[in-house]
Amino acid sequence: MKIIKNKPLPKSRSKYAPLLEMEIGDCVEFDIKSDFVAATGFLRKYFKITTKTTSWKESNSGNFVGSIWRIEGETK
């Protein structure tokens, strides 16, 4: 075993990594609930967000819209 100094951390391999480019006030919408839940958990690690979900049924078909807004800078 050896100690390596100043080795950079690997880049995130999450499919949600592009969302880290969001600026305060930006919003992203998802139409798949599982993606919305996963992205919410991912983004909360990096900055403060707020969310809103809407689901409704129209003649036997369910629709989902989940929105995530970046509201503040990086979390501590």
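To start, this report covers the structure provided alongside it. Residue numbers restart at each chain and count upward from 1, following the sequence in its written direction. Local features in this predicted model are restricted to residues of pLDDT 70 or higher, and side-chain atom pairs are both shown and tallied only at a pLDDT of 80 or more, whereas totals for entire chains, interfaces and linings draw on every residue. Only hydrogens and water are set aside when side-chain values are computed; all heavy atoms of the structure are taken into account.

### What about the nonpolar core?
Put simply, buried Ala, Val, Leu, Ile, Met, Phe, Trp, Tyr and Cys residues joined by side-chain atoms within 4.5 Å make one nonpolar core. Three exposure classes are used, based on accessible area relative to the maximum for each residue type with a 1.4 Å probe and protein chains only: buried under 20%, partly exposed in between, and exposed over 50%. Core analysis: the biggest nonpolar cluster contains 13 residues, and Leu 19, Phe 30, Leu 43 and Ile 68 have the highest contact counts within it. Looking at which element gives the most residues to this core, the answer is helix H1 (residues 33-44), with four residues. Secondary structure counts use DSSP, requiring at least four H or I residues in a row for a helix and at least two E residues in a row for a strand, with both numbered from the N terminus.

### Considerations on the packing of aromatic side chains
Classification of ring pairs rests on two measures: the distance between centres of Phe, Tyr or Trp rings, Trp counted by its six-membered ring, which must be within 6.5 Å, and the angle between planes, read as stacked under 30 degrees, edge-to-face over 60 and tilted in between. One pass over the full model with this rule turns up four aromatic pairs. The structure contains a cluster of three or more aromatic residues connected by ring pairs, namely Tyr 16, Phe 30, Phe 42 and Tyr 46. Distance and angle both matter: a charge sits over a ring if NZ of Lys or CZ of Arg is within 6 Å of the ring centre and within 35 degrees of the ring normal. A cation sits over an aromatic face here: Arg 70 above Phe 47, 4.0 Å from the ring centre.

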